[in-house]
Amino acid sequence: FVGGGIVVRNSSPTITNNRIMNNRAVNDGGGIVVQNSSPTITNNLITNNNACRGSGIGIVGGSPLIQQNTITNNINDLCVGGSGGGIFIEGEGFAEILDNIISNNRNGAGGGINLTSAEAPIIKRNIIKGNIGTDPGGGVYASVSNALIVQNVITGNNATHGAGIYLWVTNSAMLVNNTIADNNAVTANGSGVFVENGPGVAELTNNIIIGKPSQSAFHCSTLHPPKPPIIRSNNTFSPGGPAYGG
């Protein structure tokens with residue numbers, strides 16, 4: 001029930017050049033589940049897997065390197081309120097998600113990537129597109145501490161709000177040099193980025209954030225507002241809607 005395809009526990013293998021597909025897990029990790037481990041996962045096709053959390057890859061503790069994979073068409077249809085259609089990460093560790101294509105995955109919170117209480121993840125140079133979150137975070141749902149999200153292209157994702165990225169920051173999160181465009185927020189709040197209340201501070205520097213027509217591109221929660229985000233040198237725009245909302 002934990003890990004439908006490959007299960008990695010307390011070890012650091014290299015998983016490379018595989019097709020990991022058509023697996024099912026009731027809990028975590030339809031394609032691959034990582035528990036308190038630091039594997040290297042590279043150059044795999046991870047597709048058509050099902051799980052409650054992390055239909056493609058589910059990580060609970062550890063510092064894996066996930067690089068140059070295609071993670072696509074993974075879906076949660078095994079539980080209500082699942083999370084992380086492509087990748088789910090929870091707990092301490094220093095996960096690196098680099099140079100992947102994460103596309104057309106579907107889940108509750110975080111259609112592409114879900115980071116839940118994740119410590120110091122690095123999300124860099126990925127293409128995150130066409131994912132669907134039936135809750136916040138179509139591309140990325142991030143409840144994080146000390147996160148770095150840099151040089152990604154996040155486009156064509158769909159969610160209730162925070163269709164590109166949804167942020168709840170416990171310590172700090174930095175978004176640098178990302179292109180976040182053409183994402184659809186059903187509530188029209190935060191087509192590109194939505195920042196929720198939390199004790200930490202989000203910093204956004206040198207990003208391109210383009211909202212869907214009539215939707216706010218960048219939105220801050222008005223319920224229990226967070227500490228104000230630090231915003232530097234971004235190009236933020238929404239045709240027919242506010243660049244900044246909330």
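Scoring rules and cut-offs
- Residues numbered from 1 in each chain as written.
- Predicted model: local features only at pLDDT ≥ 70, side-chain atom pairs only at ≥ 80, totals over all residues.
- Heavy atoms only, no water.
- Helix = DSSP H or I, 4+ residues; strand = E, 2+ residues; numbered from the N terminus.
- Rg over C-alpha atoms; globule rule 2.2 N^0.38 Å.
- Buried < 20%, exposed > 50% of the residue type's maximum accessible area, 1.4 Å probe, protein only.
- Areas by Shrake-Rupley, 256 points an atom, 1.4 Å probe, with all protein chains shown as cover.
- Lys, Arg positive; Asp, Glu negative; His and termini not counted.
- Charge placed at Lys NZ, Arg CZ, Asp CG, Glu CD.
- Disulfide = S-S within 2.5 Å.
- Contact = heavy atoms within 4.5 Å.
- Pairing = 2+ DSSP bridges.
- Axes fitted to C-alpha atoms, helices over the stretch in contact; angles between N-to-C directions.
- Polar contact = N/O pair within 3.5 Å; in protein donor to acceptor, adjacent residues only side chain to side chain.

Engineer: Looking at this structure, I do not really get the overall build of the protein chain. What am I missing?
Structural biologist: The secondary structure content of the protein chain amounts to zero helices and 33 strands. Over its C-alpha atoms the protein chain spans a radius of gyration of 16 Å, differing by no more than 12% from the 18 Å that the globule rule assigns to 246 residues. Each of the three principal axes of the protein chain carries a C-alpha extent, and together these read 45 × 30 × 30 Å. Counting only residues that meet the buried cut, the protein chain has 55% of its 246 residues in that class. Accessible surface, the protein chain as shown: approximately 9,200 Å² in total, 51% of it carbon and sulfur. In the protein chain, which carries 11 positive and 11 negative side-chain charges, the distance between the mean positions of the two groups comes to 7 Å.

Engineer: Can you walk me through the state of the cysteines in this structure?
Structural biologist: Overall, the coordinates contain one disulfide when judged by the stated rule. The side chain of Cys52 participates in a disulfide bridge whose partner is Cys79; the two sulfur atoms lie 2.0 Å from each other. The S-S bond linking Cys52 to Cys79 shows a torsion near 85 degrees; that makes this disulfide right-handed. Separated by 27 residues along the polypeptide, Cys52 in strand β8 (residues 50–53) and Cys79 in the loop between β11 (70–72) and β12 (87–90) bring together distant segments of the chain.

Engineer: Sorry if this is basic, but what is going on with the side chain of Asn152 here?
Structural biologist: Counting through the fold element by element, Asn152 comes out in the loop between β21 (147–150) and β22 (153–155). A residue is classified by how much of its surface remains accessible, and Asn152, at 1% relative accessible area, is buried. Once you skip the residues sitting within four places of it in the chain, Asn152 turns out to touch Ile123, Lys124, Arg125, Asn126, Asn177, Asn178 and Thr179.

Engineer: I tried to follow the sheet that holds β21 on my own but got confused; where do I start?
Structural biologist: Working definition: the strands of a sheet are paired by backbone hydrogen bonds and lie parallel or antiparallel to each other. Pairing is parallel across the open sheet formed by nine strands, whose spatial order is β2-β6-β10-β13-β17-β21-β25-β28-β31. Both edges of this open sheet fall to β2 (14–16) and β31 (230–232), since each of them pairs with a single strand only. Between one strand axis and the next, the sheet turns through 5 degrees on average, direction left out of account. Alignment of strand β25 (residues 172–176) against strand β28 (residues 201–205), held across five bridges, turns out to be parallel.

Engineer: In this structure, what is going on with the side chain of Asn126? I would like to understand it.
Structural biologist: Along the chain, Asn126 turns up in the loop between β17 (122–124) and β18 (127–129). By relative accessible area, Asn126 is classed as buried at 1%. Among the polar contacts listed, one links the side chain of Asn126 to the backbone nitrogen of Asp99, at a separation of 3.3 Å. At a separation of 2.8 Å, a polar atom in the side chain of Asn126 contacts the main-chain amide nitrogen of Asn100. Those residues in contact with Asn126, other than ones at most four positions away along the chain, are Ile97, Leu98, Asp99, Asn100, Ile102, Gln151, Asn152 and Val153.

Read these as layout, nothing more, since geometry by itself doesn't imply function.
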